[in-house]
Amino acid sequence: MTTGHDTAAASPAKEGGAAPARPSAGPPDDERRRARLSRRWQRDVRWSPYAFVSPFFLLFLAFGLFPLIYTGWASLHQVELTAPTDMHWVGFRNYTRIFDDDFFWNAAKNTLTIGIISTVPQLLMAMGLAHILNYKLRGSTFYRVAMLAPYATSIAAASLVFVLLFGRDYGMINWALNQVGIDNIDWQNDKWPSQIAVSSIVIWRWTGYNALIYLAAMQAIPQDLYESAALDGANRWQQFIHVTLPALRPTILFTVVVSTIGASQLFGEPLLFDANKGASGGSQHQFQTLGLYLYEQGWVNQHLGRASAIAWTMFLILIVVGIVNYVISRRLRASS
């Protein structure tokens, strides 16, 4: 029988002996590692998308937003290209001088007429080509690739070829016109012929691009609609008018807006078509566009403030075009 004396005697021995192992307060190494990897994975999931898109925003800030803000600030100053840091505040005087400048209105009229001459035939031809390519043709892939060949061609190379074609004394266009009894046309110095020639470069370069856009939209139209129209007795032309065109209204609106924006920024074609290789758009400014007028003011006359005001005026015009596009698209969606 154990007495209290024995128990008391055993207590010191128990205290002096080895104490039992206590459980560790922290997690083991593998659990800590898993917790650390879990936190790293959460941070990766949260921040990786921003890291992937950050190059675009960095480039946009450097080459998009900063030039936009700088030109807006420079448009309110008198500043020359030779001394871009020497600015003198003039307020909106650069804008008022633009609207009193006959050369600006001449460039705006030329931009409008060249835009109409190039956009309307371009989209009509693109629609026709897309309608043909929508049928099952032998070698259709070749024709679709050929549609993009003009778009992939350099603007400089295409413009120089068209300069040769529209030469007054040696061009192939005048040679063909002479065969039917039409005298030589001075394509580079007369107003309307020069604008038609510049528009032909734009038509040649962008028709195939728009044709492929229309073709993609046509292939998305359900075939059931065509079969129903055929059962009702509609021929090919009636199917195109009553089925294809209504389904292509959003796409047509998109191409019209994009072509309008491109026409308002037309620069390379008229610059290279000029016989004097200057920014005047011909000897009488007969095909000078707003893009050429901006270039002439900023880099030829070195009036950086006035060129910035022209750039912002063109930007505001594009905003108006975008608003009109939004209103029309909303009405089309409401009507459909």
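Remember, predicted model here, so these are calculated numbers, not experimental data. (Residues numbered from 1 in each chain as written. Predicted model: local features only at pLDDT ≥ 70, side-chain atom pairs only at ≥ 80, totals over all residues. Heavy atoms only, no water.)

Trainee: Help me out: how do you make sense of the pattern of salt bridges in this one?
Mentor: Oppositely charged side chains can pair when the atoms bearing their charge come close. Overall, the coordinates contain three salt bridges when judged by the stated rule. Among the ionic pairs, Asp101 bridges to Arg306, the shortest N-O distance being 3.4 Å. Residue Asp101 is found in the loop between helix H3 (93–99) and helix H4 (102–133), and its partner Arg306 is found in helix H14 (residues 304–335); the two are separated by 205 residues along the sequence. Residue Asp101 shares its accessibility class with Arg306, and that shared class is buried. Among the charged side chains, a salt-bridge network with shared partners connects Arg168, Asp169 and Asp186. (Salt bridge = Lys/Arg side-chain N within 4 Å of Asp/Glu carboxyl O. Helix = DSSP H or I, 4+ residues; strand = E, 2+ residues; numbered from the N terminus. Buried < 20%, exposed > 50% of the residue type's maximum accessible area, 1.4 Å probe, protein only.)

Trainee: Even after reading the chapter, I still don't get unusual backbone geometry, so can you show me in this structure?
Mentor: Glycine aside, the phi torsion of most residues is negative, and most peptide linkages are trans. For His285, which is not a glycine, the phi torsion comes out positive at approximately 55°. Along the chain, the position of His285 falls in the loop between helix H12 (268–273) and helix H13 (290–300).

Trainee: Just checking my understanding: could you explain the layout of surface pockets for this structure?
Mentor: Over the atoms, a rolled probe matching the size of one water molecule traces out where space is still vacant. Estimated volume of the largest pocket: approximately 460 Å³. Lining of the largest pocket is provided by 21 residues; of these, Thr111, Leu112, Thr260, Ala263 and Ser264 occupy positions nearest its centre. Broken down by secondary-structure element, the contributors of at least two residues to the lining of the largest pocket are H4, helix H11 (249–264) and H14. In terms of residues, the lining of the largest pocket owes the most to one element, H4, which gives 11 residues. Looking at the lining of the largest pocket residue by residue, the class counts come to 15 nonpolar, six polar and no charged. (1 Å grid on protein atoms, 1.4 Å probe; cavity = no way out; pocket = protein on both sides within 12 Å on 5 of 7 lines; lining within 4 Å. Points joined across faces, edges and corners; volume = space filled by probe spheres on them. Nonpolar A, V, L, I, M, F, W, Y, C, P; charged D, E, K, R; others polar.)

Trainee: What exactly am I supposed to notice about the confidence of the model for the protein here?
Mentor: Mean pLDDT over the protein stands at 85; residues scoring 70 or higher make up 91%. In the model, residues 21–25 has pLDDT below 50 throughout and makes zero contacts with residues more than four positions away in sequence or in other chains. (pLDDT = per-residue confidence, 0-100. Contact = heavy atoms within 4.5 Å.)

Trainee: How should helix H6 (residues 155–165) be read in this particular structure?
Mentor: What sets the pattern is the α-helix's 3.6 residues per turn: residues three or four places apart point alike. Those residues of H6 that fall on the buried side of the exposure criterion are Ala158, Ser159, Phe162 and Val163. Down the axis of H6, the buried side of the element spans an arc of 140°, and every buried residue falls inside it. (Arc of directions from axis to C-beta.)

Trainee: Mind showing me how you'd approach the packing of H4 against H11 here?
Mentor: For any two helices packed against each other, one specifies the crossing angle of their axes together with the interaxial distance. Where H4 contacts H11, the axes come no closer than 9 Å and their chain directions differ by 145°. For H4 against H11, the interelement crossing comes out right-handed. Across the interface between the two elements, Thr111, Gly115, Thr119, Gln122, Leu123 and Met127 from H4 touch Ile252, Thr255, Val256, Ser259, Ala263 and Ser264 from H11. Residues of the contact of H4 with H11, tallied by class, amount to five nonpolar, seven polar and no charged. (Axes fitted to C-alpha atoms, helices over the stretch in contact; angles between N-to-C directions. Left-handed = near helix turned anticlockwise from the far one by under 90°.)

Trainee: So what exactly am I meant to see when it comes to the nonpolar core here?
Mentor: Nonpolar side chains in soluble globular proteins tend to end up buried together. Ranked by size, the top nonpolar core spans 13 residues in total, and within it Met127, Ala130, Tyr214, Met218 and Leu248 carry the most contacts. Listed by contribution, the elements that provide at least two residues to this core are H4 and helix H8 (191–219). Excluding its chain neighbours within four sequence positions, the residues that come into contact with Met218 are Met127, Ala130, His131, Asn134, Phe240, Thr244 and Leu248. With 12 residues, the next largest nonpolar core counts Ala197, Val198, Val202 and Leu266 among its residues. (Core = buried A, V, L, I, M, F, W, Y, C linked by side-chain atoms within 4.5 Å.)

Trainee: Is there a simple way to explain the pairing of strand S2 (residues 83–89) in this structure?
Mentor: Walk down a regular strand and you will see the side chains alternate between the two sheet faces. Summarising the sheet, strand S1 (residues 77–80) and S2 pair through three bridges and their orientation is antiparallel. The residue of S2 that forms the bridge with Glu80 is Ala83. Remark: two residues form the turn of the hairpin made by S1 and S2, two consecutive strands paired antiparallel. (Pairing = 2+ DSSP bridges.)

Trainee: Got a minute to help me understand the packing of aromatic side chains in this structure?
Mentor: Think of a pair of aromatic rings as described by two things: how far the centres are apart, and how the planes are tilted against each other in angle. Per the stated rule, a full pass over the model turns up 23 aromatic pairs. With centroids separated by 5.6 Å and ring planes inclined at 65°, the aromatic side chains of Phe142 and Tyr143 adopt a geometry described as edge-to-face. With a relative accessible area of 39%, Tyr143 lands in the partly exposed category. Taken together through their ring pairs, the aromatic side chains of Phe162, Phe166, Trp187, Trp204, Phe273 and Phe287 make up a single cluster. (Phe/Tyr/Trp six-rings, centres within 6.5 Å; stacked < 30°, edge-to-face > 60°.)

Trainee: Explanation requested: H4 in the structure shown.
Mentor: For H4, with 32 residues, the first-to-last C-alpha span of 46 Å sits near the 46 Å given by 1.5 Å per residue. The N-terminus of H4 is capped by Asp101, whose side-chain oxygen sits 3.0 Å from the backbone nitrogen of Phe103. (Expected span 1.5 Å × (residues − 1). Polar contact = N/O pair within 3.5 Å; in protein donor to acceptor, adjacent residues only side chain to side chain.)

Trainee: When you look at the environment of Ser280 in this model, what are you seeing that I'm missing?
Mentor: Along the chain, the position of Ser280 falls in the loop between H12 and H13. When residues no more than four places from it in sequence are discounted, the contact partners of Ser280 are Asp274, His285, Gln288 and Glu296. Here Gly282 takes part through its backbone oxygen, which lies 3.1 Å from a polar atom of the side chain of Ser280.

Trainee: Sorry, what's going on with the side chain of Thr251 here?
Mentor: The topology assignment puts Thr251 in helix H11. Given the relative accessible area of 18%, Thr251 is considered buried. When neighbours within four sequence positions are excluded, Thr251 is seen to be in contact with Ile213, Tyr214 and Ala217.

Trainee: For this particular structure, what's the right way to read the environment of Trp204?
Mentor: For Trp204, the location among the structural elements is in helix H8. With 46 residues separating them along the chain, Trp204 and Ala158 place their C-alpha atoms 9.0 Å apart. Other than its neighbours up to four places away in sequence, Trp204 contacts Pro150, Thr153, Ala158 and Phe162.

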